[in-house]
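# Summary of the model geometry
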Amino acid sequence: MLHIKGRVLVGPDTGDAAGDIRDELWVVDGRITFERPAGARDIRLIEGWVLPGLVDAHCHVGLDAHGAVDDSTSEKQALTDRDAGALLLRDAGSPADTRWIDDREDLPRIIRAGRHIARTRRYIRNYAYEIEPEDLVAYVAAEARRGDGWVKLVGDWIDRETGDLGSCWPRGAVEAAIAEAHRLGARVTAHCFAEESLAPLVEAGIDCIEHATGLTEETIPLFAERGVAIVPTLVNIATFPRLALGGEARFPRWADHMRRLHERRYETVRAAYDAGIPIYTGTDAGGGLAHGLVGQEVAELVKAGIPARDALSAATWGARDWLGRPGLTEGASADLVVYDADPRADVRVLTTPRRVVLRGRVVG
């Protein structure tokens, strides 16, 4: 049994929500209660500032730069996220079977989007199902059944004919595929860097866009009107200059485009926030990027101009609600992180959790 005492941040405490801050909670049989247990003994006391387990809404467990990895490597990835306080992961595409993680009490909870679905020769080798538009509906249906309520498309990539980013799917094919996913109860998200791929996907009914570096003053109102979320993955966008340098000899137009998207990344995210577009944290860990960076991603959102409490919500209360998972509520699984200082005052404390509690057990 645990007694968590200090400042329990049940919600964002915006001033209009009663009970967003509690002084204490208890963990009994792995579950949260705000009522003092009668006759309790052998209670471990933990003190500090408490948040729900953080959310990395875009990562890849079971994947590295070359494709699927073995179970041992997947375990290390999941443990790294856990130790950083990320206790709920939305796996935005992986070729590895990581269902065995669900049976591990010491590993984060994962919401899977199945495997990436990409156009032939239009994505990273060994990552995706590479298909043509006539097969898109069938593959989306299969991943909708295989995943945990999400399907992941690759919306744009380098077009070798133009030497620049280009949309991958005809409008009709993606409309039919998204409609089929929704019929099966799954939401659809898509990798998108470029400008031109966004409006057709949003108009086709997509639920989320990953990266979204191509947002403009023309497409931002469309996202806001339709309520389409974005996961900016700013810690990944920081790698664009290096990627551009490596590819400019072969694709100079693409390299210049990537640099321009990088230069305006903070302006893009702030404009999306100002327009009311839902924004959630994701790191894109597991490809060429290390796991355990969710705290840095929250700090990047703040650097982009998002207020600290809203940036925190993008990784906690708001993100959990968006993904349909509970936070610090009566009877919920005790998945929480404890810090030495108030994360609302300085989000950088997220990178140094004092204690990590998963399923009611202190694991870090």
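Just so you know, these numbers come straight off a predicted model, no measurement behind them. (Residues numbered from 1 in each chain as written. Predicted model: local features only at pLDDT ≥ 70, side-chain atom pairs only at ≥ 80, totals over all residues. Heavy atoms only, no water.)

On to the overall build of the chain. If you tally the helices and strands in the chain, you get twelve helices and 20 strands. The principal-axis extent of the C-alpha atoms belonging to the chain is close to 70 × 40 × 40 Å. Buried residues in the chain amount to 56% of all 364 residues. Within the chain, contacts between residues at least 6 apart in sequence are counted, and of these 66% link residues at least 24 apart. Here the chain holds 45 positive side-chain charges and 57 negative ones, and the gap between their average locations is 3 Å. (Helix = DSSP H or I, 4+ residues; strand = E, 2+ residues; numbered from the N terminus. Buried < 20%, exposed > 50% of the residue type's maximum accessible area, 1.4 Å probe, protein only. Contact = heavy atoms within 4.5 Å. Lys, Arg positive; Asp, Glu negative; His and termini not counted. Charge placed at Lys NZ, Arg CZ, Asp CG, Glu CD.)

Although it is not a glycine, His211 sits at a positive phi angle of roughly 80 degrees. Along the chain, His211 falls in strand S16 (residues 208-211). Judged by its relative accessible area of 4%, His211 falls in the buried class. Phi angles above zero are rare outside glycine, and Thr233 is one such case at about 50 degrees. Mapped onto the elements, Thr233 comes out in the loop between strand S17 (229-231) and helix H6 (234-237). When its relative accessible area of 0% is taken as the criterion, Thr233 is described as buried.

Before going further, it helps to spend a moment on the sheet that holds strand S20 (residues 361-362). Spatial ordering of the open sheet is given by S3-S2-S1-S4-S18-S19-S20, a layout of seven strands whose pairing is mixed. Each edge of the sheet is formed by a strand with only one pairing partner; in this case those strands are strand S3 (31-33) and S20. As judged from the seven bridges shared by strand S1 (residues 2-9) and strand S4 (residues 44-52), these two strands associate in the parallel manner. Note on S4: the bridge partner recorded for Arg7 is Trp49. (Pairing = 2+ DSSP bridges.)

Here His291 lies in the loop between helix H9 (265-274) and helix H10 (294-303). Judged by its relative accessible area of 10%, His291 is buried. A distance of 3.4 Å separates a polar atom in the side chain of His291 from the backbone oxygen of His60. Separated by 2.7 Å, the side chains of His291 and Asp81 make a polar contact. (Polar contact = N/O pair within 3.5 Å; in protein donor to acceptor, adjacent residues only side chain to side chain.)

A few words on the packing of aromatic side chains. The geometry of an aromatic ring pair comes down to the distance between the two centres and the angle between the two planes. One pass over the structure, following the stated rule, counts six aromatic pairs. Plain terms: the ring middles of Tyr123 and Trp157 are 4.8 Å apart, the flat faces sit at 70 degrees to each other, and that makes the pair edge-to-face. Here Tyr123, found in the loop between strand S10 (117-119) and strand S11 (129-131), pairs with Trp157, found in strand S13 (residues 156-159); they are 34 residues apart in sequence, far enough to count as distant. With respect to class, Tyr123 is no different from Trp157; both count as buried. (Phe/Tyr/Trp six-rings, centres within 6.5 Å; stacked < 30°, edge-to-face > 60°.)

Moving on, we get to the sheet that holds strand S8 (residues 86-91). The three strands are arranged S5-S8-S9 in an open sheet whose pairing can be described as parallel. Of all strands in the sheet, those with a lone pairing partner are strand S5 (54-59) and strand S9 (109-112), marking the two edges. Direction aside, the axes of adjacent strands within the sheet are offset by 20 degrees on average. Bridging between S8 and S9 involves four bridges; their strand directions are parallel. Each residue of the ladder has a partner; that of Leu89, found in S9, is Ile110. (Axes fitted to C-alpha atoms, helices over the stretch in contact; angles between N-to-C directions.)

Residue placement: Ala128 occurs in the loop between S10 and S11. Considering only alpha carbons, one finds Ala128 and Gly114, 14 residues apart in sequence, at a separation of 9.8 Å. Those residues in contact with Ala128 that lie beyond four places of it in its chain are Arg115, His116, Ile117, Ala118 and Tyr123.

Attention now moves to the packing of helix H7 (residues 240-247) against helix H8 (residues 252-263). The description of two packed helices rests on the angle between their axes and on the distance between the axes. With their axes 8 Å apart at the nearest point, H7 and H8 run at an angle of 170 degrees to one another. Between H7 and H8, the angle is such that the two are roughly antiparallel. Here Phe240, Pro241, Leu243, Ala244, Leu245 and Gly247 of H7 come into contact with H8, specifically with Trp254, Ala255, Met258, Arg259, Leu261 and His262. (Parallel < 35°, antiparallel > 145°, perpendicular 65-115°, else oblique.)

Of the positions making up H7, those classed as buried are Phe240, Ala244 and Gly247. What you see down the axis of H7 is that its buried residues fit within an arc of 75 degrees, all on one side. Across H7 from its buried face, at more than 90 degrees, point the exposed residues Arg242, Leu245 and Gly246. Its buried side turned inward, H7 meets H6 and H8. (Arc of directions from axis to C-beta.)

Right, let's get into a positive patch on the surface. Together, Arg121, Arg125, Arg160 and Arg250 give the surface a local cluster of positive charge. Along the chain, Arg250 turns up in the loop between H7 and H8. Among the residues examined, Arg250 registers a relative accessible area of 61% and is labelled exposed. (Patch = residues over 30% accessible without salt bridge, like charges linked within 9 Å, V, L, I, M, F, W, Y side chains within 5 Å. Areas by Shrake-Rupley, 256 points an atom, 1.4 Å probe, with all protein chains shown as cover. Salt bridge = Lys/Arg side-chain N within 4 Å of Asp/Glu carboxyl O.)

Turning our attention to the UniProt feature "domain: Amidohydrolase-related" (unreviewed entry) in the chain. What UniProt calls "domain: Amidohydrolase-related" (unreviewed entry) maps, in this numbering, to residues 49-363. The span residues 49-363 carries 34% helix and 21% strand; its end-to-end C-alpha distance comes to 17 Å. (UniProt positions renumbered as here; feature names shortened; annotations may be inferred.)

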